[in-house]
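# Close look at the chain arrangement
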Amino acid sequence: MENLIVEISKYLIIFLFACYTFICFTVLNRKKSERRQKRILRKQTKLIFLIHLNAFVVIFTVRKTADVLTAYVMQAVLLCCILVIYKYIYKRASGLLVNNMCMLLAAGFIILYRLDVERAVRQYEIAAAATAITLIIPFFIHKLHFLDRLTWMYAVTGIALLLAVAVLGSVSYGAKLSFRIAGIAVQPSEFVKIIFVFFTASMLHRSTEFSQVVKTTVAAAVHVLILTVSKDLGAALIYFITYLVMLYAATRNPLYFAGGLAGGSAASFAAYKLFRHVRVRVTAWKDPLSVIDNEGYQVCQALFAIGTGGWFGMGLCQGMPKKIPIVEEDFVFAAISEELGGIFAVCLIMVCASCYLMFLNIAMQIHDQFYKLLALGLGTAYGFQVFLTVGGVTKFIPSTGVTLPLVSYGGSSLLATFMIFAIIQGIYILREDEEVTDEKKSAGYGKRGSATGKAKEKRRREISG
């Protein structure tokens, strides 16, 4: 009976997640009416809970402990709270982004609870705290109008935090990543990433003259240099690419972009020559089987897991993902591929891609240049981190040791990603305000009651998610 439940469940989960993923892209069609959009998003919400329930039915069938039921109820309540908060407190927030955040969080809960119950419980506690902490962020983004003026305060804060890690941080996997506060490990680079985007957006919003670009580039280079010295090269790469994209978007100067790529290539070569653990990862990427007993062991085990899972997976609790070192953090995508299948893994990537598309959509549509750059920068940081994680696990690129946002285990990463989504929701609400103002002007400079104004107001509410 147990085998039958596991076998049926794995196909059902794939089907439900494929339906969810399909909806992610259908709701981007702005031609649908507001009522139609809301109905589609409600269906998507139901799919989240069905996938979550299905997975925990399997885990309970295999383990047969009451703790599984307790964990399921607590996680379902948290997901429900997140959805209700954004539905009733921030009524104009993006429903698609809220759903995607909950879906990725649910996927993380499922695979972490299967891998390590203690870490799954800790991840749940951090997620609950992150929900409470970030609840006020969209309100602040909407109401505070001086965020674009704190230019050098962002830079000083970010550099100070990174220097603290470089000096006082503990070494983890060959890099200085974190330090402990009251017994809790904190990885400041995850939060400085957000501050760094605020700094870049505020500087380039003020001016894109050459002198301003030089100042901004020097400050950005200091961030990246400190991360490089700390050997946190994955974070350094995210900072670098994010800055390069924001710089090009603000200046539209291809020479800056080309120069940045050339400089980044030279820096990568220098890092390869200077740091042994970079050479180790490149060796493991080039031919992991030749060094399977040492450097290539982790990559090989991840590839074996992905290959074993195939398109439909082994089923929850049926694989051997714990053979992969640090599977809960850097290589959680391999565990998902092994037990939930390649189709599920591809759908997971597509959900992350739909988040990135929404970030870009918001960046393109908002008028204010500061918030435009802010949305673009945060979206690029998020999207590139997903690329680095998935690319490293699948041997597309050398492993960089970064987590899969909202899915991998990691308190700092989880809280930082919650903050990114909350900031984007605040910008989305600001974009809605801009549309209201524009339509009131075009409808008669603020006169209410006209048929044209009402029609345009109705069209405005035909949200993209």
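Look up: the structure comes first, before these words.
Summary of the structure given here. Not measured: the values here are computed from a predicted model. (Residues numbered from 1 in each chain as written. Predicted model: local features only at pLDDT ≥ 70, side-chain atom pairs only at ≥ 80, totals over all residues. Heavy atoms only, no water.)

Further remarks concern the state of the cysteines. Enumeration according to the criterion identifies zero disulfides in this entry. Free of any disulfide, C81 has its nearest neighbouring cysteine sulfur in C80, separated by 6.1 Å. Free of any disulfide, C355 has its nearest neighbouring cysteine sulfur in C352, separated by 6.2 Å. Looking at C355, the relative accessible area reads 0%, which means it is buried. (Disulfide = S-S within 2.5 Å. Buried < 20%, exposed > 50% of the residue type's maximum accessible area, 1.4 Å probe, protein only.)

Here we come to the packing of helix α9 (residues 210–229) against helix α10 (residues 233–251). The interhelical angle for the contact between α9 and α10, taken along N-to-C directions, is 165 degrees, at an axis separation of 8 Å. Overall, the two elements α9 and α10 adopt an arrangement that is roughly antiparallel. Relative to α10, α9 is oriented so that their crossing is left-handed. Two secondary-structure elements touch here, α9 through V213, T216, T217, A220, H223, V224, L227 and T228 and α10 through L233, A235, A236, Y239, F240, Y243, L247 and T251. Looking at the contact of α9 with α10 residue by residue, the class counts come to 11 nonpolar, five polar and no charged. (Axes fitted to C-alpha atoms, helices over the stretch in contact; angles between N-to-C directions. Helix = DSSP H or I, 4+ residues; strand = E, 2+ residues; numbered from the N terminus. Parallel < 35°, antiparallel > 145°, perpendicular 65-115°, else oblique. Left-handed = near helix turned anticlockwise from the far one by under 90°. Contact = heavy atoms within 4.5 Å. Nonpolar A, V, L, I, M, F, W, Y, C, P; charged D, E, K, R; others polar.)

So, about empty space enclosed by the protein. Summed over the entire model, instances satisfying the criterion amount to three cavities of 30 Å³ or more. The space that makes up the largest cavity amounts to roughly 60 Å³. Along the walls of the largest cavity sit I82, I85, Y86, M101, T131, T134, L135 and F418, which together make up its complete lining. Of all the secondary structure elements, the ones that give two or more residues to the lining of the largest cavity are α3 (66–88) and α5 (117–134). When residues of the lining of the largest cavity are assigned to their parent elements, the largest contribution, three residues, is made by α3. (1 Å grid on protein atoms, 1.4 Å probe; cavity = no way out; pocket = protein on both sides within 12 Å on 5 of 7 lines; lining within 4 Å. Points joined across faces, edges and corners; volume = space filled by probe spheres on them.)

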